[in-house]
Amino acid sequence: MSDLLPSAPEHFPAETLSFALAGPAGKLECEAKPADADVSRDVVAVICHPLSTEGGSMHNKVVTMVERALRESGADTVVFNFRSVGRSEGEFDHGNGEGEDLATVVAWARKARPGAALWLAGFSFGSYVTLRNAVRLDARALISIAPPAAGRGWDFGPIDLPRVPWLVVMGDADEIVEPQAVYDWVESIPEDQRPQLVKMEDTSHFFHRRLMDLRGAIKHAVKDWPPEPRQA
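Residues numbered from 1 in each chain as written. Predicted model: local features only at pLDDT ≥ 70, side-chain atom pairs only at ≥ 80, totals over all residues. Heavy atoms only, no water.

(A) Looking closely at helix α2 (residues 96-112). Taking 1.5 Å of rise per residue, the 17 residues of α2 would be expected to cover 24 Å, and the 25 Å separating its terminal C-alpha atoms lies within 8% of that figure. What α2 keeps buried is the set Gly97, Glu98, Gly99, Asp101, Leu102, Ala103, Val105, Val106, Trp108, Ala109 and Ala112. Contacts from the buried residues of α2 go to β1 (17-23), β2 (26-33), β3 (43-48), β4 (76-80), β5 (117-123) and α3 (125-133). (Helix = DSSP H or I, 4+ residues; strand = E, 2+ residues; numbered from the N terminus. Expected span 1.5 Å × (residues − 1). Buried < 20%, exposed > 50% of the residue type's maximum accessible area, 1.4 Å probe, protein only. Contact = heavy atoms within 4.5 Å.)

The structure is reproduced here in structure tokens:
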């Protein structure tokens, strides 16, 4: 990893900062951004990218839009590259090691923003990693974009599901994740844990020409989620 990337700061930065965080398989490339000041809430959101072996990274346009929507909604945000992606070290580990990468980033975020509620968000493979680890990391809210709930090798069956505000957004023209399989999975979840499901018409897996609609759906869903805005 380039020496030009600074080490992880002790406190959450006051402006956008890219940095290297020591992870379980080597350094992790991260980027932190503070919330928009006029809507700042006591929240830090960590966002996970799609499948590493298919070109997924923290610079994916869906990840970027999710991050923007959450920052505009008052959350400090952190995106990062899983092991083996970009300037993150290590090798792809089929979601297992990637969960430990997430745990490492969350641990840093909690130290940098003590007392802030943790929100987790993920797109595709990233939604599998965040959901799989939401309970053990004590996430207070969850956003799952195009979760691969059937096929592609990701087993959603044994996952310990959270009891927190939870949004699932799914395009009904997704060519990679079967939309009806996701709808059936959501319906199978006990009612007291079932997420809010937003179905977006004529929308592909990567939300081509619908990214602003995705932004709006996220901002609408999270506006009433706790905690309240920070006091001045």
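More follows now that the structure is in view.
(B) Seen up close, the packing of aromatic side chains. Here the structure, examined in full by the defined rule, presents eleven aromatic pairs. With 5.7 Å between their ring centres and 75° between their planes, Phe82 and Phe125 make a pair best called edge-to-face. Taken as a pair, Phe82 in the loop between β4 and α2 and Phe125 in helix α3 lie far apart in primary sequence, 43 residues in all. Phe125 sits in the buried class, given a relative accessible area of 1%. Relative to Trp185, the ring of Trp166 has its centre 5.9 Å away and its plane inclined at 70°; by these criteria the two rings are edge-to-face. Linking Trp166 in strand β7 (residues 166-171) with Trp185 in helix α4 (residues 179-188), this pair joins segments that are 19 residues apart in sequence. The same class applies to Trp166 and to Trp185, which are both buried. (Phe/Tyr/Trp six-rings, centres within 6.5 Å; stacked < 30°, edge-to-face > 60°.)

(C) Representation of the nonpolar core. Core analysis: the biggest nonpolar cluster contains 78 residues, and Leu70, Leu120, Ile145 and Ile218 have the highest contact counts within it. No other element matches α2, which puts seven residues into this core. Ignoring anything within four residues of it in the chain, the contact list for Ile218 reads Val66, Ala69, Leu70, Ile143, Ile145 and Leu167. (Core = buried A, V, L, I, M, F, W, Y, C linked by side-chain atoms within 4.5 Å.)

(D) Expanded view of the packing of helix α1 (residues 61-72) against helix α5 (residues 211-222). Contact pair α1 / α5: the axes reach a minimum separation of 9 Å and the direction vectors enclose 35°. As α1 packs across α5, the resulting crossing turns out to be right-handed. Across from Lys61, Val62, Met65, Val66, Arg68, Ala69, Leu70 and Glu72 in α1, the residues of α5 making contact are Leu211, Met212, Leu214, Arg215, Ile218, Lys219 and Val222. Its residues assigned to classes, the contact of α1 with α5 comprises ten nonpolar, no polar and five charged. (Axes fitted to C-alpha atoms, helices over the stretch in contact; angles between N-to-C directions. Left-handed = near helix turned anticlockwise from the far one by under 90°. Nonpolar A, V, L, I, M, F, W, Y, C, P; charged D, E, K, R; others polar.)

(E) Region of interest: the environment of His94. Residue position: His94 is located in the loop between β4 and α2. Using a relative accessible area of 52% as the deciding quantity, one classes His94 as exposed. Each C-alpha atom of the pair His94 and Trp154 lies 8.8 Å from the other, and the pair is 60 residues apart in sequence. Setting aside residues no more than four positions away along its own chain, His94 makes contact with Phe125, Arg132 and Trp154.

(F) Local environment of the pattern of salt bridges. Inspection of the entire model under this criterion finds 15 salt bridges. Arg71 serves as the salt-bridge partner of Glu67, at 2.7 Å between the closest nitrogen and oxygen. Residue Glu67 and its partner Arg71 are both found in helix α1; the two are separated by four residues, about one turn of the helix. Taken as a pair, Glu67 and Arg71 share a single burial class, namely buried. For Asp213, the salt bridge identified is with Arg210, shortest N-O distance 2.4 Å. For Arg210, a relative accessible area of 21% translates into the label partly exposed. (Salt bridge = Lys/Arg side-chain N within 4 Å of Asp/Glu carboxyl O.)

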